[in-house]
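Reading the structure
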Amino acid sequence: MSAAATGRVAAIIPAAGSGVRLGADKPKAFLELDGISLLTRSALAMSVVVDVIVVAAPSDALDLASELLTVVDAEIHVVAGGAERQNSISNALQVLPEDISIVLVHDAARPLVPVEVTNRVVEKLRAGAKAVIPVLPIADTIKSVDAQETVVQTIDRNQLRRVQTPQGFDRSALVQAYANAKVLATDDAGLMEAMQIPVHTVAGDELAMKITTAHDLKIATALLGATND
Ligand code: CTP
Ligand code: MG
């Protein structure tokens, strides 16, 4: 059996961003939804499936991050994040325990991800995939525009997907992808694509939405109420 079929699973949670687009008075991961921080919620969601959680937190708030993670039932490590999300994840990879064979990367900014999504990702990795991402279809019509914002063409949306997290990877493939990274990718799967490693997809979920703006925070609050009913 391959290492991925049997080894322990870790989740890296990048939580070191400042949340400029949300514009709150503290880093986005520390904002609360119904009294529980986005970081705590994301870590709790991961802890149902993974053994180890590595959080990349703002470098001036490592103690606060650790404190928020005391309620999470997993082996927890907290490291200082970097200037970009990719740097934060790179720092987290440095402290991964040796016996981890599968690594999930999950944004702290996606606190409501259902456990079913995480399970789908891990199952496909256990079956031998080296990279797996949760995706959703696109409902809107998509068009490309030129520099004057005039439409160039309509893009076939049937071939497009919205990509969420947790994204899951074979540990050694991910470590190699980060070692080889020459550019900043907007997600981790992008680094695997650059190495020609096939990236498989599983069904995502609207609840795994990313909180980017104040409007998203309102939507997440509403979704939370709906899931608590
Ligand atoms: N992130 C990180 N380190 C960075 C930047 C982002 O760990 N240097 C994390 C964020 O904390 C978040 C995830 O990556 O959980 C997705 O990033 P994003 O939604 O862009 O969050 P922010 O960078 O905080 O937001 P903004 O871009 O609006 O500043
Ligand atoms: Mg950002």
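The following refers to the structure shown.

On a plain count of helices and strands, the chain comes out with eight helices and 12 strands. Relative to a compact globule of 229 residues, whose C-alpha radius of gyration would be 17 Å, the chain shows 18 Å and is just as compact. In terms of principal-axis extent, the alpha carbons of the chain reach across some 50 × 45 × 35 Å. Looking at the chain as a whole, 47% of its 229 residues qualify as buried. Accessible surface, the chain: about 11,400 Å² in total, of which carbon and sulfur atoms supply 51%. One way to put it: in the chain the 19 positive side-chain charges average out to a point 5 Å from where the 27 negative ones average out.

Attention shifts here to the pairing of strand β9 (residues 151-155). Relative to β9, strand β8 (residues 142-145) runs antiparallel, the two sharing four bridges. When the sheet's bridge partners are listed, S144 is paired in β9 with Q153. Taking the residues that link successive antiparallel strands as the turn, the β8-β9 hairpin has five residues, and the phi of E149 there is positive, at about 65 degrees.

Here the amide bond leading from T165 into P166 is cis, since omega sits at 10 degrees, within 30 degrees of zero. Here the phi dihedral of D34 falls at roughly 50 degrees; this positive angle occurs in a residue that is not glycine. In this fold, D34 is placed in the loop between β2 (32-33) and β3 (36-37). Here Q196, not a glycine, exhibits a phi torsion of approximately 65 degrees, which is positive. Along the chain, Q196 turns up in the loop between α7 (188-194) and β12 (200-203).

Among the 18 residues in the neighbourhood of ligand 1, the closest are listed as P14, V20, K28, S88 and K210. A distance of 2.7 Å separates a nitrogen atom of ligand 1 from a polar side-chain atom of S88. Contact with the protein chains hides 87% of the accessible area of ligand 1, taken as 560 Å² for the molecule alone. The class makeup of the residues in the shell around ligand 1 is seven nonpolar, five polar and six charged.

Now for the packing of helix α4 (residues 85-93) against helix α6 (residues 171-180). Close contact between α4 and α6 brings their axes to 11 Å; oriented N to C, the two are set at 130 degrees. Between α4 and α6, the angle is such that the two are oblique. Where α4 crosses over α6, the handedness of that crossing is left-handed. Between α4, through Q86, I89, S90 and L93, and α6, the contact on the second element is made entirely by L174, V175 and Y178. A per-class count over the contact of α4 with α6 returns five nonpolar, two polar and no charged.

The next point concerns the environment of V183. With respect to the secondary-structure elements, V183 resides in the loop between α6 and α7. Separated by 35 residues in sequence, V183 and K218 have C-alpha atoms that sit 34 Å apart. For V183, the residues in contact, after removing those within four places along its chain, are Q86 and L191.

This part covers a nonpolar patch on the surface. A contiguous nonpolar surface patch, about 230 Å² in accessible area, is contributed by I36, L44 and V71. As for its position among the elements, I36 is in strand β3.

Another point: α4. For α4, the set of buried residues is Q86, S88, I89, A92 and L93. The buried residues of α4 all sit within an arc of 160 degrees when viewed along its axis, so they share a single face.

Attention now goes to the nonpolar core. If you look at the biggest cluster of nonpolar residues, it comprises 32 residues, and the most contacted ones within it are I13, L39, M46, V50, I53, V55 and L104. Elements that contribute at least two residues to this core include exactly β1 (8-14), α2 (38-47), β4 (52-57), β6 (100-105) and α5 (115-126). In this structure I13 touches L39, S42, A43, M46, I53, V54, V55, A56, H106, D107 and A108, once residues within four positions along its chain are discounted. Membership of the second largest hydrophobic core comes to 26 residues, among which are V52, F169, L174 and I197.

Moving on, we come to α6. Within the span of α6, buried status applies to R171, A173, L174, A177 and Y178. For α6, the buried positions fall inside an angular range of 165 degrees around the axis, keeping them on one side. Taken together, the buried residues of α6 touch α4, β6, β11 (167-170) and α7.

Cut-offs and rules
Residues numbered from 1 in each chain as written. Chains lettered and ligands numbered in written order. Predicted model: local features only at pLDDT ≥ 70, side-chain atom pairs only at ≥ 80, totals over all residues. Heavy atoms only, no water. Helix = DSSP H or I, 4+ residues; strand = E, 2+ residues; numbered from the N terminus. Rg over C-alpha atoms; globule rule 2.2 N^0.38 Å. Buried < 20%, exposed > 50% of the residue type's maximum accessible area, 1.4 Å probe, protein only. Areas by Shrake-Rupley, 256 points an atom, 1.4 Å probe, with all protein chains shown as cover. Lys, Arg positive; Asp, Glu negative; His and termini not counted. Charge placed at Lys NZ, Arg CZ, Asp CG, Glu CD. Pairing = 2+ DSSP bridges. Near = heavy atom within 4 Å. Polar contact = N/O pair within 3.5 Å; in protein donor to acceptor, adjacent residues only side chain to side chain. Nonpolar A, V, L, I, M, F, W, Y, C, P; charged D, E, K, R; others polar. Axes fitted to C-alpha atoms, helices over the stretch in contact; angles between N-to-C directions. Parallel < 35°, antiparallel > 145°, perpendicular 65-115°, else oblique. Left-handed = near helix turned anticlockwise from the far one by under 90°. Contact = heavy atoms within 4.5 Å. Patch = residues over 30% accessible without salt bridge, like charges linked within 9 Å, V, L, I, M, F, W, Y side chains within 5 Å. Salt bridge = Lys/Arg side-chain N within 4 Å of Asp/Glu carboxyl O. Arc of directions from axis to C-beta. Core = buried A, V, L, I, M, F, W, Y, C linked by side-chain atoms within 4.5 Å.

So yeah, pure geometry; function would need other evidence.
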